Amino acid sequence: MIGCYDFCGHYEWTFEWLRQVGGHELVTAYWDEAINRDAQIHANELITSKGFEGMKEYWGPTLADEGAVSHRTVTDTAFRIDMHECPSKGFLLRNGLDQYADYCDHCMGWIGPMMKQAGFVIDHQHNHCGQCWWEMRRKEDPAPPSAPGELSGAEDVRLRPGWLRDAPMDTYQRATEPDDKTTA
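Small disclaimer: the values here were computed from a predicted structure and weren't measured. (Residues numbered from 1 in each chain as written. Predicted model: local features only at pLDDT ≥ 70, side-chain atom pairs only at ≥ 80, totals over all residues. Heavy atoms only, no water.)

**Structural notes on the overall build of the chain**
As a reminder, the rule being used: Runs of H or I in DSSP of at least four residues are treated as helices and runs of E of at least two as strands, each being numbered from the N terminus. Atoms considered for the radius of gyration are the C-alpha atoms alone. The globule rule reads 2.2 Å times the number of residues to the power 0.38.
Along its length, the chain carries five helices and six strands. Ordered by position in the sequence, the α and β elements of the chain form the string α-α-α-β-β-α-α-β-β-β-β. Taking 16 Å as the expected radius of gyration for a compact globule of 184 residues, we find that the chain reaches 16 Å, a close match to that expectation. On the principal axes, the C-alpha backbone points of the chain span a range of 40 × 35 × 30 Å.

Pasting the structure below:
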C-alpha cells in the first residue's frame, strides 16, 4: 500500500498519462467514473440522500484525515469550504511534481458530477497554489457566490495575503463540470 502523499504524485502522473493516451476526454471520464462513481461512492450516497448534512458528514472527517488546513461554513442555503492549505497540491508543489496541466481540476471532475446528480451547483475558485474555495447551493437557488468574508468571515481564503498571485485563477460559476471554468 502506498502512503497518502505518494498517492498524490501517482495520481497526478496518472492524469497526465491518461491525457497522453486518450486526451482530455479520457481524463474527465476517469475523474467521473473512477473517483465519483467508484472511489467516492460513499460521498455520493451521503450527499445525494442528505444534502448539506451529508456534505458535513463527508467533508468534516475527510478534510481532517487528509490534514487539510480548511474551514467549513454551513447555512440553510449554502455549504462552503475555504481551503487554506490543500495537502495534496501542497505535496506536489513542495516536491516539484508538475506532470498534469491542472491537477486542481480533478476535484471539480468528480465533485461536479456528484453535485449535479444530487441537485446542487458549485461556485469555486482555485489559485493553483493549494488554496481554493467552494460554495454549493441547490440548483434552484439563484444566489450568486458570497462576497469575500460574507459567509465565512475571517476564515475566507480570499482574504489571505497572497490569495491573488501570478498564477492563473480558475473560476467556476454555478458549475457541475470540470470544463465549466474561466481562467484569468
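**Considering helix α5 (residues 105–118)**
As a reminder, the rule being used: The span you would expect from a helix comes to 1.5 Å times its residue count less one. Here the bend at each residue means the angle between axes fitted to two seven-residue stretches, the one ending at that residue and the one beginning there. Per-residue accessibility, obtained with a 1.4 Å probe over protein chains only, is compared with the maximum for each type, and a residue is labelled buried under 20%, exposed over 50%, and partly exposed between these values.
The terminal C-alpha atoms of α5 lie 20 Å apart, and with 14 residues this matches the ideal 20 Å at 1.5 Å per residue to within 8%. Most pronounced at I111, the bend in α5 amounts to some 25 degrees, and the proline P113 follows within four residues. Across the 14 residues that make up α5, a large majority, eleven, are buried. For α5, the set of buried residues is D105, H106, M108, G109, W110, I111, G112, P113, M114, M115 and A118. G119, located one to two residues past α5, shows a positive phi value of around 90 degrees.

**A look at helix α4 (residues 87–94)**
Among the eight residues that make up α4, six are buried, leaving the element largely enclosed by the rest of the structure. Among the residues of α4, P87, S88, K89, G90, F91 and L92 are the ones counted as buried. Looking one or two residues beyond α4, the residue adopting positive phi is G96, at roughly 65 degrees.

**Considering the pairing of strand β1 (residues 69–74)**
Side-chain positions along a regular strand alternate between the two faces of the sheet. Spelled out, the test is: When DSSP finds at least two bridges between two strands, those strands are taken to pair.
As paired strands, β1 and strand β2 (residues 79–85) are joined by six bridges and run antiparallel to one another. Within β2, the position partnered with R72 by the bridge is I81. Count of turn residues in the β1/β2 antiparallel hairpin: four residues.

**Some thoughts on the packing of aromatic side chains**
What characterises a pair of aromatic rings is the spacing of the ring centres plus the angle enclosed by the ring planes. Heads up, the condition is: Only rings of Phe, Tyr and Trp enter the pairing, Trp through its six-membered ring, and a pair is recorded when the two centres are within 6.5 Å. The plane angle decides the type: under 30 degrees is stacked, over 60 is edge-to-face, the rest tilted. Placement of a charge over a ring requires the Lys NZ or Arg CZ to be within 6 Å of the ring centre, with the centre-to-atom vector within 35 degrees of the ring normal.
Counted under the stated rule, the structure contains eleven aromatic pairs. When the ring of F15 is compared with that of Y100, the centres are 5.8 Å apart and the planes differ by 75 degrees; the resulting orientation is edge-to-face. Here F15, found in helix α1 (residues 4–39), pairs with Y100, found in the loop between α4 and α5; they are 85 residues apart in sequence, far enough to count as distant. The rings of Y11, F15, Y30, W31, Y100 and Y103 are connected pair by pair, giving a single aromatic cluster. Taking the ring centre of W133 as reference, the NZ or CZ of R158 above it sits at 4.5 Å.

**Regarding the packing of helix α2 (residues 41–50) against helix α3 (residues 52–66)**
Selection rule: Axis lines are fitted through C-alpha atoms, for helices just across the contact stretch, and the angle between N-to-C directions can take any value from 0 to 180 degrees. When describing relative orientation, an angle under 35 degrees is termed roughly parallel and one over 145 degrees roughly antiparallel, while 65 to 115 degrees is termed roughly perpendicular and anything else oblique. Contacts are assigned to residue pairs that have any heavy atoms within 4.5 Å of one another. As a working rule, the residues Ala, Val, Leu, Ile, Met, Phe, Trp, Tyr, Cys and Pro are called nonpolar, Asp, Glu, Lys and Arg charged, and the rest polar, with Gly in that last group.
At their nearest, the axes of α2 and α3 sit 6 Å apart, and the two run at 150 degrees to each other. Between α2 and α3, the angle falls in the class roughly antiparallel. On the side of α2, the interface is formed by H42, A43, L46, I47 and K50, while α3 contributes F52, E53, G54, M55, E57, Y58 and W59. Of the residues belonging to the contact of α2 with α3, the class tally is seven nonpolar, two polar and three charged.

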